[in-house]
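A closer look at the structure
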Amino acid sequence: MEKTTRSVELPGVRKEYKDTFFRRLFSEKETLLDLYNAVNGSQYVNSEELEIVTLDNAVYMNIRNDLAFVLDYSLNLYEHQSTYNPNMPLRNLFYVAKELSLLVDHNMLYRRSLVKIPTPEFLVFYNGREEQPSKKYFRLSDAFQKVTEDPALELAVTVLNINDGKNEELLERCPTLREYMIYVGRIRKYVMEIPIEEAVDRTIQECIQEGILADFLMKNRKEAIEVSIFEYNEELVIADIRKDEFRMGKEEGEERGMAKGEIRLAELTKQLLADQRFEELENALEDAEYRRKLYEEYEIE
């Protein structure tokens, strides 16, 4: 059966999803296959055996995933993150359910024969500023309110830290991933001295001159600039949110109880980030009345 890259449009999903630099960088089958080989210690050479099944141009239930592909009977979900997020198992649960519903003929579910599905694998490449180990695991059962030794439903996500000094063998096996981290590192260095726009432009110029992601940056220079600036600003906003989480939670707690305040805050943060309403979120951090209006808008009780 011929395998082709699939572009899926879902009813009722957001279309203004902005691609990440990571997703663009590894969107070509050859590059993605190199990354897979580096992670798994495999030596696949035919990129046509890899089928990209990422839900393109869509965000399902406000859950986005950078890369999804099938290879050797495995459904691999890869994501890059610059912020610590223990909710990845739950997010991946929603996402993989939609992926499998598209891969499987629903009529087969009512037959006596067992329907075979590709084995899911969940991987996050982390390069945030917060210190994290080289490898860690998040499990869906960690979120269960009632602890059980043998959970009926489980999903494990492997998080690989790709910052300096972490998983260096992986970076050596995948030159594109290593060059990506050089690119990110330079932006973070230069932004301490000059505005983000100048830091990104300077980084791109230097990387092209030095042969670091040169082909990709020359072909996608404009988009690389836009996405890099967007991702850096998003990272700053999330960092500000986390610094203010305790303060805002305390304010809400004084009004209706600490637990209720934290729940409302978490829900509001999730909704505004999903809608990319960063400016409104910053205003909400400073203005309690504006925050209340947002609660009403999103019907957060």
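Parameters and conventions
Residues numbered from 1 in each chain as written. Predicted model: local features only at pLDDT ≥ 70, side-chain atom pairs only at ≥ 80, totals over all residues. Heavy atoms only, no water. Patch = residues over 30% accessible without salt bridge, like charges linked within 9 Å, V, L, I, M, F, W, Y side chains within 5 Å. Areas by Shrake-Rupley, 256 points an atom, 1.4 Å probe, with all protein chains shown as cover. Salt bridge = Lys/Arg side-chain N within 4 Å of Asp/Glu carboxyl O. Lys, Arg positive; Asp, Glu negative; His and termini not counted. Charge placed at Lys NZ, Arg CZ, Asp CG, Glu CD. Helix = DSSP H or I, 4+ residues; strand = E, 2+ residues; numbered from the N terminus. Buried < 20%, exposed > 50% of the residue type's maximum accessible area, 1.4 Å probe, protein only. Axes fitted to C-alpha atoms, helices over the stretch in contact; angles between N-to-C directions. Parallel < 35°, antiparallel > 145°, perpendicular 65-115°, else oblique. Left-handed = near helix turned anticlockwise from the far one by under 90°. Contact = heavy atoms within 4.5 Å. 1 Å grid on protein atoms, 1.4 Å probe; cavity = no way out; pocket = protein on both sides within 12 Å on 5 of 7 lines; lining within 4 Å. Points joined across faces, edges and corners; volume = space filled by probe spheres on them. Nonpolar A, V, L, I, M, F, W, Y, C, P; charged D, E, K, R; others polar. Core = buried A, V, L, I, M, F, W, Y, C linked by side-chain atoms within 4.5 Å.

1. Quick word on a negative patch on the surface
A contiguous patch of negative charge, built from E279, E282, E286 and D287, is present on the exposed surface. With respect to the helices and strands, the residue E286 is situated in helix α10 (residues 278-286). Residue E286 is classed as exposed on the basis of its relative accessible area of 67%.

2. Side note on the pattern of salt bridges
Enumeration according to the criterion identifies nine salt bridges in this entry. The partner of R202 in a salt bridge is E206, with the nearest N and O atoms 3.3 Å apart. You can see R202 and its partner E206 sitting in helix α6 (residues 196-210), four residues apart, about one turn around the helix. A relative accessible area of 33% places R202 in the partly exposed class. Relative accessible area serves as the criterion here: at 17%, E206 is assigned to the buried category. One network of salt bridges, in which partners are shared, links R186, R202, E206 and E210.

3. Focus: the packing of α10 against helix α11 (residues 288-297)
α11 packs onto α10 with a crossing angle of 125° between their chain directions and a minimal axis gap of 6 Å. The angle between α10 and α11 places the two elements in the oblique class. Handedness of the crossing formed by α10 with α11: left-handed. Residues E280, N283, A284, L285 and E286 of α10 pack against A288, Y290, R291 and L294 of α11.

4. Describing empty space enclosed by the protein
On inspection of all chains with the given rule, the structure shows two cavities of 30 Å³ or more. If you add up the space inside the largest cavity, you get close to 70 Å³. Forming the walls of the largest cavity are Q81, T83, Y84, N85, M88, V124, Y126, Q132, K136, F138 and V159. Put simply, the parts of the chain that give the lining of the largest cavity at least two residues each are β4 (119-126) and β5 (135-139). Of the residues contributing to the lining of the largest cavity, the split by class is six nonpolar, four polar and one charged. Here the second largest cavity is characterised by a volume of approximately 40 Å³. Every residue along the wall of the second largest cavity is listed here: F21, R24, F216, N220, E223, A224 and V227. Only α1 (21-25) and α8 (221-256) provide two or more residues apiece to the lining of the second largest cavity. Per element, the largest residue contribution to the lining of the second largest cavity is three residues, and it comes from α8. Class assignment of the residues belonging to the lining of the second largest cavity gives a composition of four nonpolar, one polar and two charged.

5. Observations regarding the nonpolar core
With 43 residues, the main nonpolar core has F21, F125, L177 and Y183 as its most contacted residues. The greatest single-element share of this core, amounting to seven residues, is contributed by helix α5 (residues 175-190). Discounting residues that sit within four places of it in the chain, F21 has contacts with Y180, Y183, L213, F216, L217, A224, V227, S228 and E231. Counting residues in each nonpolar core, the second largest holds 18 residues, with L77, M88, F138 and V159 among its members.

Just geometry here; none of it tells us what the structure is for.
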